[in-house]
Amino acid sequence: MATKGKLKLEAILQHSQLDIAGTSTSLISAIDEILKTGFKPEDFELFNDRITILNEIIGYIGYGSDAEKIGDSETPRGSVNGLECDKKFESVVCETFQKVCIPVLNNLYPTQSSDGNVLILLGGTAQLVASCIRKNVDILTDVMDFVIGNIEILIQDVSLSYGLPHDKSTPDICTQLEILRHVLNVIPSIDCLDMSVLGKLSSVFEKLTSILKNLSNEIIGTSCVPVLIKILNVSVNYDELMMLVWNCMIDCTQESDGKVYLLLCGFANHFFPVSGQLRNTSSLDVRKDNQFWEILQSGLYSKDSLSRKRSLYLLKRIVDICESNNEDVNEDVNTVFWWTKKKCSILSKVWEDFLLLAEVLEEKQVHVIKPLLPRMKNLLKASCNTGDNERPLLHTSWLKTVLLRSTHHESLQIIRWSAETVLTIDLNECPMIQQGLDQYLAGEMLYSLREAKLYIKEPTAPTGTLPVIADKLVQFFSTCWHTLPEDKKVSFFNLTLRNIAARDWGHIPLLFICRGISMVPQSPCIDSETVLCLRKVLTGFLITMDTYFRGAIQGYIVQILIKLTDKSKVSLDDFMQIVSLIKQEESLQRGTTLWSQCIKWLTEEVDDASDWTLDGISHFVETSVEKYLQTSIDSKYSLTDGTTAGNIARLLLLVTDASLATKKDNSNCTTLSKTLETLVSLLNSINSHAYMSCHKADKALLMLILLVKEAGPCDNDNVTREINSSIEKCMSEITVYIGRQMYEHITNMEDLGVLQLYVDGIDMLMKCVGTKCIPYIISLVDRCVHTLSQGLERPTMREKLHELTSVCILGKISSILVLEDDTIYTDIRNKICVLLKTWKVVSNFSKPVGEQSLSHQEWGRVTSLFLEQEWQVILLVLQYGHKDMYDIQELLNVAEDTLSVGLEQTTVIVLKCLKLIINLVKDSVTEERLLSVLSTCWSCLQESRRLLAYWDVLEAFIQAVYQCCLLEMDESSPVVKKLVEFANDLIEIGTDKNGVVNVLSTQLYRTLSQPNMLLHLNKYITVIVNLCKFGGLVRRGVRQVYDICAALEQDGKACPANELLKGIQNEDIKVRVAVISLLCSLKLDVPDHRNLATNVIETCLQVYCDIAKTSTNRFANSMVHRERHRLIQTVLLLQGFVTDEYVNTLWNMAWSSLEFETQPSVRHMLEWLILWLMKRFQQFRPQLWILFEKYRDSKNLTLCSLLCIVIHLGPHLPQHEQKEYFKTAMPYILPWCMAHHFQTRIYSQAVLAKLWDQCRLLGLDDILKENAILQSIFDFTQQNKNSTKNVKKLLDSFVFKYLDFERDFTIETLYKIMPQMTALSEEDWINPDAFIELDCSWSKDTASDVIGLRNTSRSFEDCDPGLWKYIGLKVPEDNDAADDTVNDDNDVGDVQKKIMPWRQMMLDEETIQEVDHGVKQVNNHGLVVVTSLINKVPNLGGLCRTSEIFGVSEYVMSKLGNVDDKAFQGLSVTAHKWIPITEVPEAKLSDYLEQKRFEGYTLVGVEQTANSVSLTDYTFPQKTLLLLGNEKEGIPVDLISSLDVCVEIPQQGVIRSLNVHVSGAILIWEYRRQQLMKALT
Ligand SMILES: C[S@@+](CC[C@H](N)C(=O)[O-])C[C@H]1O[C@@H](n2cnc3c(N)ncnc32)[C@H](O)[C@@H]1O
């Protein structure tokens, strides 16, 4: 269009008498005028028009140098001639530039504006500048100065982020770039460029590179790089400029926007020319620079996909260049990339593997990636030392590149692959460490293992198996340890541990990483800074973890400290601080293995001069104690005292035990003795030394308490004894001191901290000295009782706090005495109990009157403390006091009130009291009253759901509510109904909260299994049945936690948490264990028990039918499947109890259930039930054959069940019935062996074979003889391999081969083996040990009347449950997390090879040129494919792709515009970019064909016609044109007649014709094939 317009204007100018110069001048002044009024967007169009015209005119006029150049032009330029004319035009050009271009350009801010007109105007104006230069080269200098000036202003404004919208006072970068772009287009046509201009260009280059970092990628890509490249192409200081670019790139590496890759790609032709030859020999070759490779590699694993793509492009390009130019690159061994002619082919192979992997990792679908993963092995091999001193083909940093890329892949499988691969690299072979990748291993690699899902156990591995990666971690760290040279080992382990501390970790990854490190051999590595970092871990995110995991991690950290601490670099103080952070109750406790390991480590020999000798440590501890005990006059007891004392206590006991371990003489543990002595003498003098600081005494007391705590529960060892005897020495003084302090020093709220210290002191005394402290305690009790019974009217704050202190002391004493039966305490108890006569128990500890300063919250804490301790006292009174000492009704009221206040700590203790109170008042209050109390308890429980104390509250609640006295109330009582209601609600809550229902079921077991209580079960049948079917679906993450705990428990003492804690387990199983055990305590010979069991059976079946009816979910292991399974399990368990009245119903129910039940696991339970009924009730036996008739025509599985029953029943019948049975069975089963239904057929064949065997075993020879013909049938089927395989599988299955329904009727088979063999999820397998765990009486043979615990025959143990999966329904895969891992052993098989050629990946301006003019060599005399008759766009797209792939030289379509259609592109992909396309509308087709015939082409119609030649007989000439027909009408007749020949593809099928793309493709291929064959010959 533009050209046409231009032509027109030129013609007009030519023929008109227009005064061009004059016109131009007036145009210029018109523009000038408008500009004077300001530059307004609404004028843009006007500007645009005028500038276009000016452009035309300036392009048209000729003078000066330009006129000479185009002097041969026939056209006279303008109407004026001669010099005068030149001058006029010259001034037009200059004015245009000065008065139009400059002002307009100064006012354009494309960056600022989103208005498209601005860009159009900018383009036009820049074009005009270029035109001006064409006419007057001198202007070039002005332009350059203009641009340089503007860029300089830009640079000065450092605060500016160029290329972003900005204040209009600074010039605009896009404008400058656009000017440059147009100007640079002119430059090649200028004959000899002035040196000064060249200098200015260099200056522009330099300035632009200096601001590149601040430009947006878009500006760089679209404007800046093209400009820079154009300058490079004309520059005289090329190398210098290239260096500038390179430095600028290095500068950009830190930016996260991938700028460096954009630039590298932009300048690829210069840095990596296709010829392999850099422009000058001295030019920069970045391939020699490792910094470049580092940049490239981090691009390959960048999280930004564009950066990855660009890096991949560069790498492919470089490899391709190396390959095709066959050069030697980087002989220096230290570079990460190298190439030699000598090894070209094998290097090519390695890089092909690398590129394939890198490229395929861009795919999302695992199935595409998987086949290529084994190539990693090739890369590993290529990176290994060859042994012959030759350099490995691949630097190990390339491995890192692939591994890091795969760690942020979308698919977990790939992430797992990556983790497992890196952890199994053989560092002895693979020189990663030698090549400096230890930093990576200790850093990025470690962080790549932070995903918890990596640690999921293999789905097929049994419970208790560690996740694969756990062991790999152990192996990995051990290999690192062994491979690393000493100095690197130190830095590696320090770095690893510091890196761990530098981030937050989930409990699972941290656990396994610490475990891995903790298992390396011992060697001093880590220094004090690392120890400090580890402290951060212990005090940081570890705090919120579950205790078991925290215990384990802490333990591993201790082991790491022991293994790796460098005693010469870590001070004792550092060690003391970190070791005391390890929680005593979770990991590090005296008596544990971990403690012994610490001791052993401390006793290891060290340099005598070191602080770490035992004497050194002792000395350190002693000084620390001394320092600790120092106080100043005004110092007061504070929290930090606790920390310091704790630190010292831990180290003191460690060194004490260590000394004991090394010295024969046990008595001589001096440091402990010394310390104790100091403490005792201090405490003994407090009451007599008037001036001694209380703070000092408090500290001493605290230290003593903490020593006791640290000494732990090892009650009869020397250390404990020594501590206890020291306490004994000062107990009287301590009590006196406490008694005094309580009333003198606890006067305001701040003193409550010290109150706790005194309470702990009492606790310590009573626990360590025992009865010996009674006389001292009694006086304290007296004092407290006295204070409390005063009943002051308006107590002051001080008096209130006295009350509080007294209650706390009494509460503490009571809590200890509640557990002590000893009568020696009777005195104290009585004193406390008597208190209740005078003391008014309260539910609210009110603030002192007039006390304003305390907040509600602060007083709330005081109240809570008071009430908790108050109820501790009451609990003691309830347990030991006389009924007449208190008003029980009143207590009930206060308890209820207290509960309604709902304080966390108080609730538990009040509930415990309520348990006793309820028992006492049950008969004296109304049922309504009881109900109201129960409801209060229930709401309390609900409110505590989010509290830490929830489990204690729950336990107390259940004990209070499900106690015998309530359980045994009358069935009609609303209380019983309430209990049922609570229980069912709890079961509901328990589906989400692991362990809740377990508390209930254990309590029910405990209370109801007592013989006199058992019958009360009858009132709770629905609860029992709900418990029988209980067990929720476990979420994947939760299951993972269970699995890990189970596996760690297998580690035994090696996992430090195991000695002190129990891992989180799925408690659901235990619910069922308790209720099953309860049912198993029923007695067969008690008629009431039989009735009760029958009731349970009945309810189970009812619920079973309800579930089956309402749910349509047929997936194996769905919730409904498992519930149904559990219900029928219960029925089967209790079948022995079934009453005669109910047995028929049961029989019918079993059969009707078999009709609809689809799950094999449940079906087998039902079959088993039926077998028992047939065994025990003769009347059912004859039914068997009748049922066969009944189910004859049904295709459902009932027939298979019948067949299954047939094989089990025979041997269990009374002997005299057996013969008859088999005699009937054989011929009966035989015809089913030919049944149409596959499963029935296979079953019958297996059953027949089994019956045959049974007859042989039972010696029923007659029957064998009678049915001798069967033998030949068996022989026949043997030959039919396919069917025998299935039959054999069935015969080998557990139910067919091993199960004996009478012998194996055990808890083990019912609850463990059957679920396992029938592919029920592992959460439903109950190990017999779980029963013994609940109640050890299960280990006795006679535990239950109903059923044995374990199987007598263990033959099932070698039965493969895998077989069952085949017979049963398919188990749905856990498709995300625990999916099958990548099979690495697969040898490098054939895979889809899809490397995209680099030339097609990224097309900057120059590569496009390359592709157009060099790379894609189109054969001009090849095949022409004409599709002008085709209508459907997808066909056109598809044919375009086929044509491109087979090198068609011209592709003809009726409309070029088709290529923009989405449907076209969907099929053509990008083919249309690589193939020449001609537009020939249908109307012009015949002309076109004529033209082609004229050019020497043979015109071939692709069509079935009367005269067409079969493709098999046709030989294509080289110059062939294929004309394809329309989808509906084919090729029109008139065209057919103008063709040289029609070729058809011979067809065999029914359908009339092929699709046109398919036909085209077949012919195109045949053409290509013939050409290829010709070339070969
Ligand atoms: C679906 S066919 C067109 C209709 C076809 N002419 C008919 O009689 O129904 C579309 C085009 O596919 C090509 N085609 C289909 N089957 C062919 C065959 N067996 N041999 C050669 N060309 C075939 C022809 O170019 C044909 O014009």
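Parameters at a glance
Residues numbered from 1 in each chain as written. Predicted model: local features only at pLDDT ≥ 70, side-chain atom pairs only at ≥ 80, totals over all residues. Heavy atoms only, no water. pLDDT = per-residue confidence, 0-100. Helix = DSSP H or I, 4+ residues; strand = E, 2+ residues; numbered from the N terminus. Contact = heavy atoms within 4.5 Å. Near = heavy atom within 4 Å. Polar contact = N/O pair within 3.5 Å; in protein donor to acceptor, adjacent residues only side chain to side chain. Areas by Shrake-Rupley, 256 points an atom, 1.4 Å probe, with all protein chains shown as cover. Phe/Tyr/Trp six-rings, centres within 6.5 Å; stacked < 30°, edge-to-face > 60°. Buried < 20%, exposed > 50% of the residue type's maximum accessible area, 1.4 Å probe, protein only. 1 Å grid on protein atoms, 1.4 Å probe; cavity = no way out; pocket = protein on both sides within 12 Å on 5 of 7 lines; lining within 4 Å. Points joined across faces, edges and corners; volume = space filled by probe spheres on them. Nonpolar A, V, L, I, M, F, W, Y, C, P; charged D, E, K, R; others polar. Salt bridge = Lys/Arg side-chain N within 4 Å of Asp/Glu carboxyl O.

(A) View of the confidence of the model for the chain. On average, the chain scores 85 in pLDDT, and the residues at 70 or more come to 91%. For the chain, helix 65 (residues 1405–1415) is the element with the lowest average pLDDT, namely 40, and strand 6 (residues 1520–1524) is the one with the highest, namely 96. Every residue in residues 1–6 is under pLDDT 50, and counting partners more than four places away or in other chains gives one contact. Low confidence marks residues 63–82, where pLDDT is under 50. Its contacts with residues over four positions away, or in another chain, come to 23 contacts.

(B) The arrangement of the site of the ligand in detail. With respect to spatial proximity, 17 residues lie near the ligand, and among them V1502, E1503, I1545, Q1547 and L1554 are the closest. One of the backbone nitrogen or oxygen atoms of V1502 is found 2.6 Å away from an oxygen atom of the ligand. Between the ligand and the protein, one listed contact pairs an oxygen atom with a backbone N or O atom of G1525 at 3.1 Å. In isolation the ligand has 560 Å² of accessible area, and contact with the protein removes 88% of it. Mapped onto the shell around the ligand, the elements with two or more residues apiece are strand 7 (1541–1544) and helix 70 (1556–1576).

(C) Structural detail: the packing of aromatic side chains. Counting across every chain of the model gives 47 aromatic pairs. Between F1294 and Y1298, the ring centres sit 6.4 Å apart and the planes meet at 15°, which makes this aromatic pair stacked. In this pair, F1294 and Y1298 are both assigned in helix 61 (residues 1294–1298), four residues apart and thus about one turn of the helix distant. Residue classification places F1294 among the buried residues on the basis of a relative accessible area of 2%. Here Y1298 falls in the buried class, since its relative accessible area comes to 14%. Seen in terms of ring centroids, F1331 and W1338 are 5.3 Å apart; in terms of plane orientation they differ by 70°. Their pairing is edge-to-face. By the burial criterion, F1331 is buried, and W1338 matches it. Put simply, the rings of W246, F271, F272, F292, W293, F337, W339, W351, F354 and W398 pair up and form one aromatic cluster.

(D) Representation of empty space enclosed by the protein in the model. This model, assessed by the stated rule, comprises six cavities of 30 Å³ or more. Taken as a whole, the largest cavity holds about 80 Å³ of empty space. Broken down by secondary-structure element, the contributors of at least two residues to the lining of the largest cavity are helix 15 (305–325), helix 16 (344–360) and helix 19 (397–407). Here the residues of the lining of the largest cavity sort into six nonpolar, one polar and four charged.

(E) Quick peek at the pattern of salt bridges. Taken as a whole and judged by the stated rule, the model has 60 salt bridges. Notably, a salt bridge pairs R515 with D1051, separated by 3.1 Å at the nearest N-O pair. In this pair, R515 is assigned in helix 25 (residues 507–518) and D1051 in the loop between helix 48 (1036–1050) and helix 49 (1068–1080), connecting sequence segments 536 residues apart. The residue E1189 makes a salt bridge to R1192 at a minimum N-O spacing of 3.3 Å. Connected through shared salt-bridge partners, R1039, R1072, R1122, R1126, E1323 and D1324 make up one network.

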